[in-house]
Amino acid sequence: MTAYPLLGRDAVLGGLRSVVGGAVLVRGAEGLGKSALLTALRAAPGVRVVGVHGLRAEHALPLAGLQRMFRTHVADGTAAHRLLTTMSMPTLCWVDDAQWLDEESLVALAFAARRLAGHPVGLVLASRTASELFESVELTPLTDDAAAALLRDRGVPAGVRPQLVELGGGNPADLVALASSLTPAQAAGREPVSPVLVSRLSRYAARLAALSETDRIRLLADAAEAPADMSKATRSTWYAAASLADRRAAHAHLASRLEGPDRIWHRAMAAATQSAVLADELAVATAPDHATAARQLERAAALTADPAVRASRLLAAVDAAWQAGRPGWARLLLSRVDSRPGEVALLHGEIELRDGDPAVATHELTTAAALLPDPAPALLLAGEARRLGGDLRGYHRLARDVSTEDGLVAAHFHGFTTMFAGQHGDAADSLDETVRHGMAATDVAGAVWAAEAAFARGNAEQAHECAAAAVGRARLGKRHAELPWALVFFSLSAIALDRIPCAKAASRDGLHAPHNLRMEHLTLLGLAAALLGDPAPELDEAADGIAERGLGRPAAVAAWAHACLDLAEDRPDDALGRLEDLAAGVAGDQPAIRVLATPQLVEAAVLVGRPDRARRALGLFDDWTRASGSPSWRALSHRCHALTTSDTHEAEHHFRRAIDSHRRAGSGMELARTQLAYATLLRRHRRTRDARDQFRDALRGFENVGAARYTERARTGLRATGETVAAPNQTIAGLTPQQATITRLVAAGETNKEIARRLVISHRTVDHHLRNIFTTLGVRSRVELARRVVVSERTRSTP
């Protein structure tokens, strides 16, 4: 029997039309979309459809289901098989609510299904429970992203979606019901969203009422026993449908037989009135994770009579829910805090900054700054919100209100406003002071502000070190909501240092993040791929989310990445158009990204014959380069000058200096790109031998970093100089591509430390690969290995 591994309509129908008969049972809780799947399948053109709904009233009547399906008496599975296979056209046999179909009909259908091979017939059953008669596929609740997309399609505003995602628990039917129940005030964010008793809960409540009290309490105790994240478990449906009295009875039953923190939790849940003793006990109880801590603090707050203590516990619960990656829950908890407006605004602003609208975040954070005795955290985050949206005018207005007495805040705002004005040299002292203050602090935010300032200063190495400190602080302090933020600057600085694998790893870790940070990491992954000339599907994935929230920074990174792809695919006109839009601030002004993208703008402008446009952009880049003193930026500046000058000797001078600076900086991809550009210049001036050397070096560099598109360019250029080049993917026999790369680097005289730095792996990994290489090739030393490479290269180059 063949099951369809993908339950999309095309997958099932494709199986039918290619004469691959079979059956599959789709199981899942009510509301997850089983019936919707069957409806979509039944609507397909050119398919004969027969089917039936299981009825509870006929569950005990033998073969009643088959009789209703075929509208005739069906004695057994053989008869069912004959009826299904008599027609030559594709046939879909479906059963909805199969858990209520009589056992004899199920057995007959299973008998027929096992004999459908070679017939264009498929059987799809939808059931709340599994069956040993059929292979089954479970429908799971929607992911948060999918749930948010469903709500977006229903017109639910972005700021309200996280709360509905939290309440809906991944159930499509519940999410639709919640969306339909929104009042205008709730949709506008003026009133908190509250859960509604959707129709399926009413049905479950009726089933509970039909049980004896003992059975009802036992069932609810099973549903309530594991308090960790019940929101998406099927058992939570029973719990949500139960009366408050029955829930308390179930918790009291569990409290009587459990010990430790679990007992405290269930005692607190069983309490019918506020209790200071229980609340205090629960508030300090050990929690294994942030989600459990938030749940305990939420319940402790509910049991607390003192308004001030209750507000403190709710605010702590908000932070715990936020750190647990549950922004919707955090918003719901925040809506219950009726005092301490400054702290409420600060938390709300931070949540909006990472998971909502930057403009709303700015409003909340500036409000918090005006209300709190220490406005520094709110002001810095408000500045971040302005920069995220590309609102530099708003940032400058905010900077005017900053007190010069606050070291970190004053230095940060002065440094960035000065840099945004193009005065990079004047900004240096303030940015350096920001780095000192940020690293002297112990929190995650301080290290992130330091990383951002170091990056603005042009010191990518220092920015990477500060970002690494922020990542370490977030992980050690279990500040999970701040980790993706730290990883943004860790990834961006790795890209600036030409450490593409490191950047990809960081941003892949950062994808488990609130919406806005996820968009940042998707575009950074796209940029990392685009710089290598590789496809970047992450850019398409992020496009709608960026546009919907007006996220200027990821929009600028996406434009930069698309321009890199345009250049890789020989579309310099498109690349220049994108980069000129970026420079004009079409998606919001992002000076830092604009400067970083200068090498691509220069390359595109030169290729389309507009060196004047390249020189204008290069002037600003040179100012930044001189202020930073970074060898990475100096290398790129020299390459840009080599491309824009018409003097061949001057161009060579810049290319050679660029190559030296790239090597000092430990660059890989950018070094190879510079060598490729230099080789192209040399070949254009008929200096074939010199060009061949540069093409060869570029080819090796592109192969080392896995840049396939640029590898082929270098290979084509090398062939044009008259050299025979081996076919792609040809390596030393018996070695993996990574081992072959390390082998060639050893043959080129690089040490293990240098190889590790170039390939962004540890020196121990290099040692491990070398031991395996020696064993595979039967050599005992690096000298023997180098000789083997020389022999192999000669063999490859022989026509």
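Model, not experiment: these values are computed from the prediction.

Engineer: How should the overall build of the protein be read in this particular structure?
Structural biologist: When its secondary structure is counted, the protein shows 44 helices and five strands. With the principal axes as the frame, the protein shows a C-alpha extent of 95 × 75 × 50 Å. Residue pairs in contact within the protein that sit at least 24 positions apart in sequence constitute 62% of those at least 6 positions apart. As displayed, the protein offers around 34500 Å² of accessible surface, 52% of which is attributable to carbon and sulfur atoms.

Engineer: Just to check I follow, could you spell out the nonpolar core for this structure?
Structural biologist: The tendency in soluble globular proteins is for nonpolar side chains to be buried side by side. Judged by nonpolar contacts, the single largest core of 133 residues is most densely connected at Phe413, Phe416, Trp485, Leu527, Trp633 and Phe702. Non-local contacts of Leu527, meaning those with residues more than four positions away in its chain, are made with Ile495, Val557, Trp560, Ala561 and Cys564. Membership of the second largest hydrophobic core comes to 27 residues, among which are Ala79, Val95, Ala110 and Ala112.

Engineer: Where do I start with the sheet that holds strand E2 (residues 48–53) in this structure?
Structural biologist: Backbone hydrogen bonds are what pair the strands of a sheet, in a parallel or an antiparallel way. With parallel pairing, five strands are arranged side by side in an open sheet as E2-E3-E4-E1-E5. In this open sheet, the two strands that pair with only one neighbour each are E2 and strand E5 (136–138). Pairs of neighbouring strands in the sheet enclose a mean axial angle of 20 degrees, with direction left out of account. Pairing geometry for E2 and strand E3 (residues 91–96), over six bridges, is parallel. In the strand pairing of E3, His53 is matched with Asp96. Taken strand by strand, helix H2 (residues 34–42) contacts strand E1 (22–27), E2, E3 and strand E4 (121–127), and its axis lies near 160 degrees from that of E3. Packed onto the sheet, helix H5 (residues 103–113) meets E1, E3 and E4 and runs at close to 145 degrees relative to E4.

Engineer: Even after reading the chapter, I still don't get the side chain of Ser630, so can you show me in this structure?
Structural biologist: Within the secondary structure, Ser630 sits in the loop between helix H35 (611–628) and helix H36 (631–644). Looking at Ser630, its side chain comes within polar contact range of the main-chain nitrogen of Ser632, at 3.3 Å. Once residues lying within four places of it in the same chain are set aside, the contact partners of Ser630 are Gly458 and Thr625.

Engineer: Even after reading the chapter, I still don't get the packing of helix H23 (residues 407–420) against helix H24 (residues 424–440), so can you show me in this structure?
Structural biologist: For any two helices packed against each other, one specifies the crossing angle of their axes together with the interaxial distance. Across the interface, H23 lies against H24 with an axial gap of 8 Å and an inter-helix angle of 150 degrees. As far as their axial angle goes, H24 and H23 are roughly antiparallel. Regarding H23 and H24, the two cross each other, and that crossing is left-handed. Along its contact with H23, which presents Gly407, Leu408, Ala411, His412, His414, Gly415, Phe416, Thr418 and Met419, the element H24 presents His424, Asp426, Ala427, Ser430, Leu431, Glu433, Thr434, His437 and Gly438. Its residues assigned to classes, the contact of H23 with H24 shows six nonpolar, 10 polar and two charged.

Engineer: I keep staring at the pairing of E1 and nothing clicks. Help me out?
Structural biologist: Note on strand geometry: in a regular strand, side chains alternate between the two faces of the sheet. Most of E1 is tucked away: five of the six residues are buried. With six bridges connecting them, E1 and E4 associate as parallel partners. What sits directly across from Val24, in E4, is Val124. Two elements, E1 and E5, share three bridges in a ladder whose sense is parallel. By the bridge assignment, Arg27 is partnered in E5 with Glu138.

Rules of the game
Residues numbered from 1 in each chain as written. Predicted model: local features only at pLDDT ≥ 70, side-chain atom pairs only at ≥ 80, totals over all residues. Heavy atoms only, no water. Helix = DSSP H or I, 4+ residues; strand = E, 2+ residues; numbered from the N terminus. Contact = heavy atoms within 4.5 Å. Areas by Shrake-Rupley, 256 points an atom, 1.4 Å probe, with all protein chains shown as cover. Core = buried A, V, L, I, M, F, W, Y, C linked by side-chain atoms within 4.5 Å. Buried < 20%, exposed > 50% of the residue type's maximum accessible area, 1.4 Å probe, protein only. Pairing = 2+ DSSP bridges. Axes fitted to C-alpha atoms, helices over the stretch in contact; angles between N-to-C directions. Polar contact = N/O pair within 3.5 Å; in protein donor to acceptor, adjacent residues only side chain to side chain. Parallel < 35°, antiparallel > 145°, perpendicular 65-115°, else oblique. Left-handed = near helix turned anticlockwise from the far one by under 90°. Nonpolar A, V, L, I, M, F, W, Y, C, P; charged D, E, K, R; others polar.

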